[in-house]
Amino acid sequence: MSEHILSVHDLDVNEGQIPREDWFESSDTLQHLRKNKRFPTIWCSGCGIGVVMGSLIRAIESLGLENNNVALVAGIGCTARMPVYMDYNTLHTTHGRALAFATGLKIARPDMKIIAIMGDGDAMAIGGNHFIHAARRNIGITALVVNNSIYGMTGGQQSPTTPLDMRATTAPYGNIEPPFPICDLASAAGATYVARSTVYHPLELDKYLAQAISNDGFSLVEAVSYCHTTYGRINKLGSAADMMRVLKENSISKSAYDKLSDEEREFNTKTVRGVLHTKKRPEYTKVYGTLVDRVHEEAIKPRNYGGH
Amino acid sequence: MTIKLMQGNEAIAMGSLAAGCRFYAGYPITPSTEVAEIMSRELPRVGGKFIQMEDEIASMAAIIGGSVGGLKSMTATSGPGFSLMQENIGYAAMAEIPCVVVNVQRLGPSTGQPTAASQGDVMQARWGTHGDHQIIVLSPISVAQSFELAVKAFNFSEKYRTPVILLTDEIIGHMREPIELPDFDTVEKVERVVTDSPADYKAFRNEPGDVPPMASFGLGYRYHITGLFHDEVGFPTQRLDEIDPWLERVNRKIENNTDDILLYQKDYQPGARTAILSYGATARTARHAMKQLRAKGQKVSLFTAQTLWPFPEKAVEELADSVERIIVPEMNMGQLALEVERMAGRKKVVRVNRANGEMVTPDMILEAAEN
Ligand SMILES: Cc1ncc(C[n+]2csc(CCOP(=O)(O)OP(=O)(O)O)c2C)c(N)n1
Ligand code: SF4
Ligand SMILES: [Mg+2]
């Protein structure tokens, strides 16, 4: 990454854990963090979630959006702690429900850019129903799912994206359930922009997030990450750096993937990075807007309430 | 003003619109569905929004999101859906987000009897979510009151930054009565006003006053809302010197305003040794029984509660002081009676219960009164 998110050395210990003003001035990205928020973050050092936070800020900034006009809505988990550090309108909700809260907010403020930030458990297990229905409606929300294949916050339990045979604290003999392919699910359910990359490839994440946020309808960006603290330890996958390296070595760009033979594709086990699906479809709040216009045009005179 | 014949559920929809409700998110369930149907029809006509969500958990989440976005928001449901909403009702209490939840009670537990009336959710409305919290619960006894309390529910929710439960039942919800509909423009409405500059704004400040002004998202006040314990600007905290003042404030904001929040009617007879305390559909039976008793020459006092929570403790204590016994008829196995017993001291509380979907009859109350 070109910029660091936070180093403890930047903190002025004399002022508690609130960083000095000039620390925020030291990069464009840092300026979008909250100046009155205590740092460092709650994340384990080396966690990939911070990389995604950097990408999200750069993506929003690259679009020239007003911070006042952006809302970040998160569920519960390590990933969902992201918005609290970020200087936008931020709503930290309940586990799995970020998209349902975001739906209400988007309906109230169709002019705002709404980004729902979720972990894999948040989005695919407890929030799976909201995920498919938000996609079906094509409501103008960007779903950002940080997929670390595990329940990080609660200490490493199996998630709906834990690969087969891998261990978790609640799958001590190996996981016997096939994982959800998040991007395929979003595409099938009706999302109009679907992309994936990894925290080893933050510049790709920057780009895909910017495209997702510019898309009118429901967008999904899957940011493949890792949790060295829980999943890594249980499965003996090494340090954060080791797991980063796997993201590099075990992923393939969509353009390279497309050049593979049919047979090679069938046996591909690498994570495909790229824009995986786009579609043109009217956005939900815009459709509702036309419904309201239609109702107004067809009404001969204002309704007298309670007439029936 | 016009006079209309309508259902309780319709009156709730009308009262909500009159109060300025502009967002409804819900999931259909008998016997509340008429509220959703009417709101889906009327909201677009007044520039409001309606959405049918994928379930009640999502509905409750969506109305909180809508309220954060600046729209007065509501949902309506019945027992099974009310159970599903509980986690996010607690969120609204914790994050101090105004919203209105209508529960048209039906017979439970579980799927129970969808078309039969009940008052079985009185305790759930108070304690259904986890953790200690304050909440306002209002219960109408007529179609006209369904309208009035819907307006009150929205006004209380904005004024005290709290979820408000409008706890009605299948009988009141489906009953038709004539009501005087006021011109909606003349209905008193509480609106959000924030005078602080964004730099000075503290969404959860403890001073001055116990209800900090609510800034909707997108107005330049970029702040954090969370269901975690939080400090005055909304950041999560584990510091007791930040948690304790918050806890005290959110309790005070309801407890210190009971003069405003507690709605009830007293029809007392000097020298009466018996009182009847009731609410909701059962209050109609109670009034009938009272008339019969008085016609027979027995003195009897009547207390009808519209605010169930916070419980009108002082008023009930005074009532208990003035009589020998209080009869509490309810369409459940005795829920509000527990509160009456708590306030009654050594006076007798006589429970008259029916939890099979049928109304408590005047005879059941008469029998209790004549024993
Ligand atoms: C209703 C509910 N159930 C369970 C929990 C406990 N819980 C908190 S976070 C979490 C899982 C988080 O996993 P994920 O969504 O993948 O996020 P990560 O921490 O990995 O970023 C669980 C089960 C909760 N907070 N609420
Ligand atoms: S537990 Fe895992 S996901 Fe959570 S902060 Fe630590 S490394 Fe990241
Ligand atoms: Mg996870």
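Below you will find a few notes about this structure. Since we're looking at a predicted model, the values are computed, not measured.

## Observations regarding the coordination of the magnesium ion (ligand 3)
- At this site the magnesium ion (ligand 3) is bound by Asp-120 of chain A (OD), Asn-148 of chain A (OD1) and Ile-150 of chain A (O), with donor distances of 2.1 to 2.2 Å.
- The sequence pattern formed by the donor residues of the magnesium ion (ligand 3) is D-x27-N-x1-I.

## Brief notes about the packing of helix H10 (residues 280-295) of chain B against helix H13 (residues 362-370) of chain B
All names here are of chain B.
- Direction vectors running N to C along H10 and H13 enclose 50°, while the axes themselves pass 9 Å from each other. Put simply, H10 runs oblique to H13. Between H10 and H13 the crossing geometry is right-handed. Here Thr-285, Ala-286, His-288, Ala-289, Gln-292 and Leu-293 of H10 come into contact with H13, specifically with Pro-362, Ile-365, Leu-366, Ala-369 and Glu-370.

## Remarks on the interface of chain A and chain B
- Of the residues lining the interface, 46 residues belong to chain A; the matching set on chain B comes to 53 residues.
- When chain A packs against chain B, close to 4,200 Å² is buried across both sides, 57% of that on carbon and sulfur atoms.
- Inspection of the region where chain A meets chain B yields 2 salt bridges.
- Residue Asp-87 of chain A is joined to Arg-222 of chain B by a salt bridge in which the shortest nitrogen-to-oxygen separation is 2.8 Å.
- Applying the counting rule to chain A against chain B returns 18 residue pairs in polar contact (both at pLDDT 80 or more).
- Elements with a contribution of two residues or more to the side of chain A that touches chain B: strand S2 (89-92), helix H3 (98-108), helix H5 (128-137) and helix H12 (284-298) of chain A.
- Counting residues per element, the side of chain A that touches chain B draws most heavily on H3 of chain A, which supplies 7 residues.
- When S2 of chain A meets strand S10 (residues 224-226) of chain B, the two strands line up parallel, connected through 3 bridges. Within S10 of chain B, the residue paired with His-92 of chain A across the bridge is Thr-226 of chain B.

## Comments concerning H13 of chain B
Residues and elements named next belong to chain B.
- Along H13, the residues that are buried comprise Ile-365, Leu-366, Ala-368 and Ala-369. What you see down the axis of H13 is that its buried residues fit within an arc of 160°, all on one side. Those residues of H13 that are exposed and aimed more than 90 degrees away from the buried face are Asp-363 and Glu-367.
- Residues of H13 that are buried in the fold lie against strand S12 (274-278), H10, strand S15 (325-330) and strand S16 (348-353).

## Quick word on a negative patch on the surface
- Together, Asp-262, Glu-263, Glu-264 and Glu-266 of chain A line one region of the surface with negative charge.
- Mapped onto the fold, Asp-262 of chain A is located in helix H11 (residues 262-266).

## Points about the sheet that holds strand S5 (residues 193-198) of chain A
- Taken in spatial order, the 9 strands of this open sheet run S7(A)-S8(A)-S5(A)-S6(A)-S4(A)-S3(A)-S1(A)-S2(A)-S10(B), and their pairing is mixed. Edge positions in the sheet fall to strand S7 (251-253) of chain A together with S10 of chain B, since each has one partner strand and no second. Strand-to-strand twist in this sheet, taken as the mean axis angle between neighbours without regard to direction, amounts to 20°.
- One ladder, built from 4 bridges, connects S5 of chain A with strand S8 (residues 271-278) of chain A; its direction is antiparallel. Note that in S8 of chain A the partner of Arg-196 of chain A across the bridge is Gly-274 of chain A.
- Across the sheet, helix H9 (residues 240-249) of chain A lies against S5, strand S6 (219-224) and S7 of chain A, angled at about 40° from S7 of chain A, the strand it touches most.

## Remarks on the packing of aromatic side chains
- In this structure the tally under the stated criterion is 18 aromatic pairs over all chains.
- Consider the rings of Phe-217 of chain B and Tyr-223 of chain B, whose centres lie 5.7 Å apart with planes at 90°: the pair is edge-to-face. Taken as a pair, Phe-217 of chain B and Tyr-223 of chain B share a single burial class, namely buried.
- The interplanar angle of 90° and the centroid separation of 5.5 Å between the aromatic rings of Phe-229 of chain B and Trp-246 of chain B together place this pair among those described as edge-to-face. Pair noted here: Phe-229 of chain B is in the loop between S10 and helix H8 (240-255) and Trp-246 of chain B is in helix H8, with a separation of 17 residues, a long-range link.
- Taking relative accessible area as the criterion, Trp-246 of chain B reaches 6% and is therefore assigned buried.
- Cluster of aromatic residues (ring-pair linked, three or more members): Trp-23, Phe-24, Phe-39, Trp-43 and Tyr-85 of chain A.
- Residue placement shows Arg-265 of chain A over the ring face of Tyr-257 of chain A; its charged tip is 5.6 Å from the ring centre.
- Sitting above the plane of the Trp-127 of chain B ring, Arg-126 of chain B keeps its charged end 3.8 Å from the centroid.

## Things to note about the sheet that holds strand S11 (residues 264-267) of chain B
All names here are of chain B.
- Taken together, 5 strands build an open sheet; the order of strands is S11-S13-S12-S15-S16 and the sheet is mixed. Edge positions in the sheet fall to S11 and S16, since each has one partner strand and no second. The sheet shows a mean angle of 20° between the axes of neighbouring strands, taken without regard to direction.
- The sheet contact formed by S11 and strand S13 (residues 300-305) spans 4 bridges and is antiparallel. Bridge pairing in S13 places Gln-265 opposite Thr-304.
- The sheet strands contacting H10 are S11, S12, S13 and S15, and the helix crosses S13 at an angle near 165°.
- Seen against the sheet, helix H12 (residues 336-343) touches S12, S15 and S16 and runs at an angle of roughly 175° to S16.

## A short note on the environment of Gly-96 of chain A
Residue and element names in this part refer to chain A.
- Along the chain, the position of Gly-96 falls in the loop between S2 and H3.
- On the basis of relative accessibility, which here comes to 3%, the residue Gly-96 falls in the buried class.
- In this structure the C-alpha to C-alpha distance between Gly-96 and His-133, which are 37 residues apart in sequence, comes to 13 Å.

## Focus: helix H1 (residues 8-19) of chain B
Residue and element names in this part refer to chain B.
- The end-to-end C-alpha separation of H1 is 16 Å, in line with the 16 Å expected for 12 residues at 1.5 Å each.
- Most of H1 is tucked away: 12 of the 12 residues are buried.
- Where H1 is concerned, the buried positions are Gly-8, Asn-9, Glu-10, Ala-11, Ile-12, Ala-13, Met-14, Gly-15, Ser-16, Leu-17, Ala-18 and Ala-19.
- At the exit of H1 stands Gly-20, carrying a positive phi of roughly 105°.

## Quick word on the pattern of salt bridges
- Taken as a whole, this structure holds 28 salt bridges over all chains when the rule is applied.
- Lys-286 of chain A serves as the salt-bridge partner of Asp-216 of chain A, at 2.7 Å between the closest nitrogen and oxygen. One end of the pair, Asp-216 of chain A, is in the loop between helix H7 (202-214) and S6; the other, Lys-286 of chain A, is in helix H12, and 70 residues separate them in sequence.
- Salt-bridge contacts for Asp-242 of chain A lead to Arg-245 of chain A; the nearest nitrogen and oxygen are separated by 3.2 Å. In this pair, Asp-242 of chain A and Arg-245 of chain A are both assigned in helix H9, 3 residues apart and thus about one turn of the helix distant.
- Given the relative accessible area of 43%, Arg-245 of chain A is considered partly exposed.
- Here the residues in one salt-bridge network are Arg-41, Glu-42 and Arg-45 of chain B, joined through shared partners.

Conventions used here
Residues numbered from 1 in each chain as written. Chains lettered and ligands numbered in written order. Predicted model: local features only at pLDDT ≥ 70, side-chain atom pairs only at ≥ 80, totals over all residues. Heavy atoms only, no water. Donors = N, O, S within 2.8 Å, 3.2 Å for Na, K, Ca; no water. Axes fitted to C-alpha atoms, helices over the stretch in contact; angles between N-to-C directions. Helix = DSSP H or I, 4+ residues; strand = E, 2+ residues; numbered from the N terminus. Parallel < 35°, antiparallel > 145°, perpendicular 65-115°, else oblique. Left-handed = near helix turned anticlockwise from the far one by under 90°. Contact = heavy atoms within 4.5 Å. Buried area = accessible area lost by both parts, 1.4 Å probe. Salt bridge = Lys/Arg side-chain N within 4 Å of Asp/Glu carboxyl O. Polar contact = N/O pair within 3.5 Å; in protein donor to acceptor, adjacent residues only side chain to side chain. Pairing = 2+ DSSP bridges. Buried < 20%, exposed > 50% of the residue type's maximum accessible area, 1.4 Å probe, protein only. Arc of directions from axis to C-beta. Patch = residues over 30% accessible without salt bridge, like charges linked within 9 Å, V, L, I, M, F, W, Y side chains within 5 Å. Areas by Shrake-Rupley, 256 points an atom, 1.4 Å probe, with all protein chains shown as cover. Lys, Arg positive; Asp, Glu negative; His and termini not counted. Charge placed at Lys NZ, Arg CZ, Asp CG, Glu CD. Phe/Tyr/Trp six-rings, centres within 6.5 Å; stacked < 30°, edge-to-face > 60°. Lys NZ or Arg CZ within 6 Å of the ring centre and 35° of its normal. Expected span 1.5 Å × (residues − 1).

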